[in-house]
Amino acid sequence: MKLDKDNLAKILSLWLHVEALTPFDLDKNDLIEQMPGSLNQPRSSLFTWDNEDTTQRDSLEIELQKLPKEEDRTDFFRMFTVCIGIVNRNEFIDRAEHLLRSNLLDISQDLSDFSAEEQRTDDLICLGVLRANHFGKISMGTVEPSYALCELVNLTNKQKGVESFEFLTDVAQILHTSAVRQLSLDSETTAQKISEKDRQFYGMLIHNLNKKELKPDETRGYKLIKDLNPPQNFLNPRKIDELCKSWLEKAGLGPSYRIWVIVNYYERPKPLYFDFMNSPYIEILEKIKKRVQTEPPTRVLSPVSERFFSLAYDNPDRNDLLANSKKFLEMANPERMIFGRWPSDIKNYLVPCQQVALSTMIWAPPVDPIISVNGPPGTGKTMLLKELLTEIVINRAAVLANIEDIGTAPLFELKSGWRGEQVPVLLKEYVEDYPIIVASNNNNAVENITKELPFDYGFEEPFDYFSDLANKLNRSKDAWGLVSAPLGKSDNWTRLWKAFFSNHKTPKGTIPYLQHALEEEIQSEGGIAEIRSNWKKETQRFREL
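What you see is a predicted model, and the numbers here were worked out from it, not measured in a lab.

(A) Layout of the overall build of the protein. Scanning the protein from N- to C-terminus turns up 19 helices and 13 strands. Dimensions of the protein, computed from the C-alpha atoms along their principal axes, are close to 75 × 70 × 45 Å. The contacts in the protein between residues at least 6 apart in sequence include a share of 72% that link residues at least 24 apart. Accessible area of the protein: about 32000 Å², with a carbon and sulfur share of 51%. Once the 67 positive and 81 negative side-chain charges of the protein are each reduced to a mean point, those two points are 5 Å apart.

So this is what it looks like as structure tokens:
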């Protein structure tokens, strides 16, 4: 397909529909943050109510009246996260499917990635959020409708024949403005800072008290917090109810709804995101779509992306393997199969479609580096990822197996470290072509796979690959080896640094834990001479296999 402006705009529109209509599942455990510290410090709390039982709404109103006014001296501050319009995913899917069929008959067949049946679960989704600060005052800029809600509202308006919009960001802005008006919110004021280190955070001025400013009963870490919001911004649960009903009516949902209010406590300001609600790709896709209106695709897309998009829609070369048995057999040719398998139970073998998908990924030409694998939960996508990781590891092992003598071969080069010191780094030919990075817009998805790898195995004989280090990194036990590390969050990076480089006391002095682990491994293998001898035997065995 020739990728012109019209075709690309249509592809982007379809992609945006799919992204908006597949919101993230809502889990209260992902919203509650436990503040580290002593038992005397406050813990997160959750208030929930629905259209039939408002008991906890009344309890929240009582708690809100107890909040400090104007300013407070404390060693923590609270933040309220209000999830507005929590509905069952199945109800949302029914409404979305109805609107697509009634509104978008010309492109409904192209929305094959939006499979209503695949998305049907008993989970919950959130239609909008806002945040209130330590004093219970709503920060106007945090009132945010979800793009799932924006999509339903836009399609509902189109069905009714009233004004609809091409871009969801425009719908979000309209819903935000009307919500601010309905909640009677005003912008916070600007306060004079007491010191240069003061922070303005969600309508609060946070000043860390120095030693001279502390009272006798106060300890280091206490803060003076001043409220910068006008009185009318006070969190009113009954107004939240009315806003929720308004959003549901505009989207054609309801009348059943739920509202959650999560109260978290923090010792210092930190970035707070609503990453539990929207796909992060929507705003990026809309920016690209706007550029396509005035610029050719070659100016907007990289060469790789341009080729990927050109194959993604109305492509005559696409193959339906279930309908084309000859093509299926060609792609399932044993000559295209991978060299190894993830060490799992023999009963967990790959089915033919998984084998074809895996060989397609492995043998994909360099001009097609983007591979998309779709499927509902439980169909083996994670297993496929493990097999792909296995192939990369084996290909790297094939390069390493060419090293005749591990004791004399040049393996490292010196490079400048963080502090300018010279540190040994593996030569490029041993690492450059074999990187493995698992990335996602969902932090939990990445953590789940990287935490699963060191524990999922089915070895016939006991196997150990720096298992103590893996257990230390994952704060657990029974890991078989150090094969992955969850990163992303700063806490994960800190844990990795401490696991590898925290000080370890030995009779000869203090050394980094990673050095200790390496020395222990060398000793357990019988020393350097024994390792060199075993290396020759194992590389020979590997080449024979």
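That shown, we press on.
(B) Seen up close, the nonpolar core. Core analysis: the largest hydrophobic core is formed by 63 residues, its most contacted members being Phe80, Leu130 and Leu235. Among the elements that make up this core, the one with the highest residue count is helix H6 (residues 147-160) (seven residues). If sequence neighbours within four positions are ignored, Leu130 has contacts with Phe80, Thr81, Val82, Ile84, Ile138, Thr142, Val143, Leu183, Leu235, Ile240 and Phe274. Leu26, Cys83, Leu124 and Trp260 belong to the second-largest nonpolar core, a separate cluster that totals 12 residues.

(C) Looking closely at a negative patch on the surface. On the surface, Asp27, Asp30, Asp122, Asp123 and Asp275 cluster together to form a negatively charged patch. Using a relative accessible area of 51% as the deciding quantity, one classes Asp275 as exposed.

(D) Molecular detail of the sheet that holds strand E1 (residues 45-50). Read from one edge to the other, the open sheet built from five strands follows the order E1-E9-E3-E4-E5, with strand pairing classed as antiparallel. In this open sheet, the two edge strands, each paired with only one partner strand, are E1 and strand E5 (144-145). As defined by bridge partners, strand E4 (residues 124-132) adjoins E5 across two bridges and the pair is classed as antiparallel. The residue of E5 that forms the bridge with Gly128 is Pro145. Contacts from helix H8 (residues 237-251) reach E1, strand E3 (77-88), E4, E5 and strand E9 (258-266) within the one sheet, and its direction differs from that of E3 by about 35°.

(E) Representation of helix H18 (residues 513-524) within the structure. Spanning 12 residues, H18 covers 16 Å between terminal C-alpha atoms, matching the ideal 16 Å at 1.5 Å per step. Looking only at H18, the buried set comprises Tyr513, His516 and Ala517. When H18 is viewed along its axis, its buried side chains cluster within an angular range of 100° and face the same direction.

(F) Main features of the pairing of strand E13 (residues 509-512). Across four bridges, strand E12 (residues 503-506) lies against E13 in antiparallel orientation. Pairing of His504 across the sheet is with Ile511, part of E13.

(G) Structural context of the pattern of salt bridges. Counted according to the given criterion, the structure contains 17 salt bridges. Between Lys289 and Glu166 there is a salt bridge, and its shortest N-O distance comes to 3.8 Å. Linking Lys289 in helix H9 (residues 281-292) with Glu166 in the loop between H6 and helix H7 (168-182), this pair joins segments that are 123 residues apart in sequence. Given the relative accessible area of 48%, Glu166 is considered partly exposed. Salt-bridge contacts for Arg299 lead to Glu295; the nearest nitrogen and oxygen are separated by 4.0 Å. It is possible to trace a salt-bridge network through shared partners that takes in Arg57, Asp58, Glu61, Arg238 and Asp241.

(H) Spotlight on the sheet that holds strand E8 (residues 223-227). What the four strands build is an open sheet, ordered E2-E8-E7-E6; its pairing is antiparallel. The open sheet has two edge strands, strand E2 (71-74) and strand E6 (199-201), and neither has a second partner. Taken pair by pair, the neighbouring strands of this sheet meet at an average axis angle of 25°, ignoring direction. Relative to strand E7 (residues 204-208), E6 runs antiparallel, the two sharing three bridges. The residue bridging Gln200 from the neighbouring strand is Leu205, located in E7.

(I) Here's a closer look at the packing of aromatic side chains. Taken as a whole, this structure holds eight aromatic pairs when the rule is applied. Pairing Phe77 with Phe201 gives two aromatic rings, centres 5.7 Å apart and planes at 70°, and the pair type is edge-to-face. Here Phe77 is found in strand E3, whereas its partner Phe201 is found in strand E6, with 124 residues between them in sequence. Of the two residues, Phe77 and Phe201, neither departs from the other in class, the shared state being buried. For the ring pair Trp497 and Phe501, a centre distance of 4.6 Å and an interplane angle of 45° mean the geometry is tilted. Of this pair, Trp497 and Phe501 both sit in helix H17 (residues 490-501), four residues apart, which is roughly one turn of that helix. Residue classification places Trp497 among the partly exposed positions, given a relative accessible area of 38%. In this structure an aromatic cluster arises from ring pairing among Phe77, Phe201, Tyr202 and Tyr266. The residue whose ring lies beneath Lys289 is Phe167, and the NZ or CZ to ring-centre distance is 5.5 Å.

(J) Geometry of helix H3 (residues 55-65). Restricting attention to buried positions, one finds in H3 the residues Arg57, Leu60, Glu61 and Leu64. Within H3, the buried residues cover an arc of 105° as seen down the axis, which keeps them to one side. On the buried face of H3, the contacting elements are E1, E3, H8 and E9.

(K) Structural detail: the packing of H3 against H8. Viewed as axis vectors pointing N to C, H3 and H8 meet at an angle of 135°, and their least axial separation amounts to 10 Å. In terms of axis orientation, H3 runs oblique to H8. Residue-level inspection shows Arg57, Asp58, Leu60, Glu61 and Leu64 of H3 in contact with H8, the latter providing Pro237, Arg238 and Asp241. When grouped by side-chain class, the residues that make up the contact of H3 with H8 number three nonpolar, no polar and five charged.

(L) How the structure looks around the side chain of Asn154. Position of Asn154 relative to the elements: it lies in helix H6. A distance of 2.7 Å separates the side chain of Asn154 from the backbone oxygen of Phe165, its partner in a polar contact.

(M) Highlighting a nonpolar patch on the surface. A contiguous nonpolar surface patch, about 280 Å² in accessible area, is contributed by Phe463, Tyr465 and Val483. Within the secondary structure, Val483 sits in the loop between helix H16 (467-474) and H17.

Scoring rules and cut-offs
Residues numbered from 1 in each chain as written. Predicted model: local features only at pLDDT ≥ 70, side-chain atom pairs only at ≥ 80, totals over all residues. Heavy atoms only, no water. Helix = DSSP H or I, 4+ residues; strand = E, 2+ residues; numbered from the N terminus. Contact = heavy atoms within 4.5 Å. Areas by Shrake-Rupley, 256 points an atom, 1.4 Å probe, with all protein chains shown as cover. Lys, Arg positive; Asp, Glu negative; His and termini not counted. Charge placed at Lys NZ, Arg CZ, Asp CG, Glu CD. Core = buried A, V, L, I, M, F, W, Y, C linked by side-chain atoms within 4.5 Å. Buried < 20%, exposed > 50% of the residue type's maximum accessible area, 1.4 Å probe, protein only. Patch = residues over 30% accessible without salt bridge, like charges linked within 9 Å, V, L, I, M, F, W, Y side chains within 5 Å. Salt bridge = Lys/Arg side-chain N within 4 Å of Asp/Glu carboxyl O. Pairing = 2+ DSSP bridges. Axes fitted to C-alpha atoms, helices over the stretch in contact; angles between N-to-C directions. Expected span 1.5 Å × (residues − 1). Arc of directions from axis to C-beta. Phe/Tyr/Trp six-rings, centres within 6.5 Å; stacked < 30°, edge-to-face > 60°. Lys NZ or Arg CZ within 6 Å of the ring centre and 35° of its normal. Parallel < 35°, antiparallel > 145°, perpendicular 65-115°, else oblique. Nonpolar A, V, L, I, M, F, W, Y, C, P; charged D, E, K, R; others polar. Polar contact = N/O pair within 3.5 Å; in protein donor to acceptor, adjacent residues only side chain to side chain.

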